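# Examination of the molecular architecture
Residue-level listing of the chains:
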Amino acid sequence: MEKTLIVLLIISIGIVSFGQTAVNKEYFGIRPVDDESRKGLLNPERGFRWGNRLGSFNPTWADDQKWINQIKAHGLTMTRGYCELIKYKDMELIPEKQIKKLEKSLAALRKNGLKVELIFRYEMSGTVGGPALETTLAHIEQLRPVLQRNMDVIGVLYAGFIGMYGEWHRSFHGLDKDPAAREKVISALLNIIPKDRKLIIRYPRHKNSYLKRVTGRLINQPITESEAHSMRAEARMGFADDGFMVGKNDASTFSPRPSKEYDYMTQETLFVPMEGELFWANSRPYGIKKDDGLEAIKRFWEHHYFMFSYTHNHSVYEGWKWKEKYNARYSLDEWKTEKLDPEFLKKNNIPFSPAYFEDAEGKFVSRTILEYMRDHLGYRLELTKGSYPDTATAGKGFKADFSLVNRGFATPINPRRVYLVLIDKDKVYTLAEAKTDARKWYPCDPEKRTILSPEYKLDFNAKLTDNIAPGKYKLGIWLPDNAKTMHKDARYAIRLANRDVPWWTGKDNSYGINIIGDIAVK
């Protein structure tokens, strides 16, 4: 009996190793009343995006810092950057000054903690055609070095070059209608970017055609969970819907709904990047009415959008001139004030944290449609529980484990490591790395997609080195960018959406660590 009591006592106080008492914690999501909650979390490679030209000699765009300041003023971390090449359509090579100007723009983004969805384009009107295929391929190959040098700041590469606006339609030379030409361009771009990075394709039919020609894959055959994030071509191509909610086929993005092509995208976009944009106010074929924000949320969830344009159909970019001229209703302007009922999200099985609509007393707090979109485009990672010791011994090890959920529309799009760290003032000790893939933290169960926000485990087998002095330390989870140039830059680290997990940055805004508790070293 005495032995039984001793065993029960040890279990009740939570001994995780000899001389260590376990701290078992629950963590909770951010509420609208918490600090800076209404501004949204500044997290990398997700959310609303800006739009601007890169490497431009046009006076409107030549000053990189001018448009970068606009991006930052709106609380964004991504932009779609257009590099215009029409002046070189008849040249075998792009002038070196253009490549240097592009690299200068990319360096400016890096300096300011931003990333880009990069797109190259030639044709901007139906009267001035782009280059022939051979010249296009030569330009792509010439751009290889500058692209590979700057993949840290290129969040994702858009397969431009062909057709109007680089969007693979109405090509002057008919390249968009030539399967062999499309194949060569896609293969060239996939060959340039790292094998674990993704390419954005405008139309799913072009991905289908490419895969059938290159791999023999069936048309509209979505990749599976086991194929996702592999080195295979089918796992490396996502989509851009640049005609979002325009008719039943989104301006010919896919076959009119309901269709196999639309369903193919629904299945596949859980595993590949998906983004898009509304039409400009003056080019909407359906008139001046605004777009349905609730329908947009449903679509964002169904196709797992990681990013969406903040400039299209929004007065912050289009200005009031068009609004007055067309008596238009800018959709994003109106979504800023339209309220979102959480019952709508529940009815449509769309994720959100229990705390998202609550104040400190648990009373309802309203949110707007745009606010919810801003917070849930891409990933929204939230710790739910964790266990770690209250004390540790230098030179010895301990275990810590945590659970998190993803309440966003999509997953992180690029590889990212996850570390357990110890913090003493401005000094950080890396203790362990979790064996996990952040790209697989899906917002719903891949097999049973009605199951929202499944839990993912972070297990750490930590060891303290002998040189760690006794004292009290902060324990944290660090999700840095994999690139060496950004690894210790807090602007590129992921912040968790928890009100009880403080955000810590070191000297000169370094690291960016989620503090999950305290620990004593002896």
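Residue numbers here run from 1 along each chain, matching the order of that chain's written sequence. Totals for whole chains, interfaces and linings use every residue, but because this is a predicted model, local features are given only for residues with pLDDT of at least 70 and side-chain atom pairs only at 80 or more, for both listing and counting. For side-chain calculations, the full set of non-hydrogen atoms in the structure is used, while hydrogens and water are omitted.

## Here we look at the environment of lysine 298
Mapped onto the fold, lysine 298 is located in helix α8 (residues 293-302). Between the C-alpha atom of lysine 298 and that of proline 412, which follows or precedes it by 114 residues, the distance is 20 Å. Here a helix means four or more residues in a row that DSSP labels H or I, a strand means two or more in a row labelled E, and each is numbered from the N terminus.

## Observations regarding helix α5 (residues 179-192)
Side chains that are three or four residues apart share a direction in an α-helix, a result of its 3.6 residues per turn. A helix is expected to reach a length of 1.5 Å times the quantity of its residues less one. The terminal C-alpha atoms of α5, which comprises 14 residues, lie 20 Å apart, in line with the 20 Å expected from a rise of 1.5 Å per residue. Under the scheme applied here, a residue whose accessible area is under 20% of the maximum for its type counts as buried, over 50% as exposed, and between as partly exposed, the area being computed with a 1.4 Å probe on protein chains only. Residues of α5 that are buried include every one of Ala181, Arg182, Val185, Ile186, Ala188, Leu189, Leu190 and Ile192, and no others. Taken together, the buried residues of α5 touch α4 (133-149), β6 (154-158), β7 (199-201), α6 (204-214) and β8 (237-241). For α5, the capping residue at the N-terminal end is aspartate 178, with a side-chain oxygen 3.0 Å from the backbone nitrogen of alanine 180. Whether two residues are in contact is decided by their heavy atoms: any pair within 4.5 Å suffices. By the criterion applied in these results, polar contacts are pairs of N or O atoms within 3.5 Å in which, for protein atoms, one can donate a hydrogen and the other can accept it, and in which residues neighboring in sequence qualify only through two side-chain atoms.

## Let's talk about the nonpolar core
The criterion is simple. A nonpolar core is a set of buried Ala, Val, Leu, Ile, Met, Phe, Trp, Tyr and Cys residues joined through side-chain atoms within 4.5 Å. Counting 127 residues, the largest nonpolar core has Phe120, Leu199, Phe402 and Leu422 as the members making the most contacts within it. Sorting elements by how many residues they give to this core places α5 first, with 7 residues. The next biggest cluster of nonpolar side chains, apart from the first, holds 11 residues, and it includes Val156, Ala240, Phe306 and Ile413.

## Brief notes about the packing of aromatic side chains
Each Phe, Tyr or Trp ring (for Trp, its six-membered ring) is paired with any other whose centre lies within 6.5 Å, and the angle between the two planes then decides the class: stacked below 30 degrees, edge-to-face above 60, tilted in between. Summed over all chains, the structure comprises 26 aromatic pairs. Measuring from centroid to centroid gives 5.2 Å for phenylalanine 48 and tyrosine 310, while their planes differ by 55 degrees, and the two rings are tilted. Of this pair, phenylalanine 48 sits in strand β3 (residues 47-53) while tyrosine 310 sits in the loop between β10 (307-309) and α9 (315-326), placing them 262 residues apart in sequence. Exposure remark for phenylalanine 48: the relative accessible area of 4% places this residue in the buried category. When the ring of tyrosine 305 is compared with that of phenylalanine 308, the centres are 6.1 Å apart and the planes differ by 65 degrees; the resulting orientation is edge-to-face. With a relative accessible area of 0%, tyrosine 305 lands in the buried category. By relative accessible area, which is 0% here, phenylalanine 308 ends up buried.

## Brief notes about the pattern of salt bridges
One side-chain nitrogen of Lys or Arg within 4 Å of one carboxyl oxygen of Asp or Glu is enough to make a salt bridge. What the rule picks out here adds up to 39 salt bridges. Salt-bridge contacts for lysine 385 lead to glutamate 455; the nearest nitrogen and oxygen are separated by 3.7 Å. Of this pair, lysine 385 sits in strand β13 (residues 381-389) while glutamate 455 sits in the loop between β17 (427-433) and β18 (456-463), placing them 70 residues apart in sequence. Relative accessible area serves as the criterion here: at 37%, lysine 385 is assigned to the partly exposed category. Its relative accessible area of 38% is what places glutamate 455 among the partly exposed residues. One salt-bridge network, in which partners are shared between bridges, spans Arg49, Arg80, Glu117, Asp242, Glu275 and Glu277.

## Points about the sheet that holds strand β5 (residues 115-121)
Think of it this way: DSSP has to see at least two bridges between two strands before they count as a pair. Spatial strand order, β3-β4-β5-β6-β7-β8-β9-β10: 8 strands in a closed barrel with parallel pairing. Averaged over neighbouring strand pairs, the angle between their axes works out to 30 degrees when direction is ignored. By the bridge criterion, 3 bridges tie β3 to β10 in an arrangement that is parallel. Residue arginine 49 lies in a different strand from β10, and its bridge partner there is serine 309. Geometry is summarised by axes, namely lines fitted to C-alpha atoms with helices restricted to the contacting stretch, and by angles between N-to-C directions that run from 0 to 180 degrees.

## Points about helix α2 (residues 64-73)
If you check which residues of α2 are buried, you get Asp64, Trp67, Ile68 and Ile71. All buried residues of α2 project into a common sector of 105 degrees when viewed along the axis, lining one side. When the buried face of α2 is taken as reference, the exposed residues oriented beyond 90 degrees from it are Lys66 and Ala73. As for α2, its buried residues are in contact with β3, β4 (78-84) and α3 (96-111). Between the side-chain oxygen at the start of α2 and the backbone nitrogen of glutamine 65 there is a gap of 3.2 Å, and the oxygen is on aspartate 63. Positive backbone phi, at 70 degrees, marks glycine 75, one or two positions downstream of α2. By definition, the arc is the one covered by directions from the helix axis to the C-beta atoms.

## Looking at unusual backbone geometry
Looking along the chain, the bond that leaves arginine 257 and enters proline 258 is cis, with omega of -5 degrees. Tracing the backbone shows proline 258 in the loop between β8 and α7 (260-268). Despite not being glycine, phenylalanine 161 shows a phi value in the positive range, around 75 degrees. By the secondary structure assignment, phenylalanine 161 is in the loop between β6 and α5.

## So, the pairing of β4
Taken across its 7 residues, β4 has 7 buried, putting it largely inside the fold. Residues Met78, Arg80, Tyr82 and Glu84 of β4 are buried on one face, and the alternating residues Thr79, Gly81 and Cys83, pointing to the opposite face, are buried as well. Pairing of β3 with β4 involves 5 bridges; the strand directions are parallel. Bridge pairing in β4 places arginine 49 opposite methionine 78. After leaving β3, the chain enters α2 and then returns to the sheet as β4, a path that is right-handed. Across 7 bridges, β4 lies against β5 in parallel orientation. Residue glutamate 84 lies in a different strand from β5, and its bridge partner there is arginine 121. Viewed with both strands pointing away, a crossover whose connecting path from the first strand over the helix to the second turns clockwise is right-handed. Read as a crossover between parallel neighbours, the route from β4 over α3 to β5 is right-handed.

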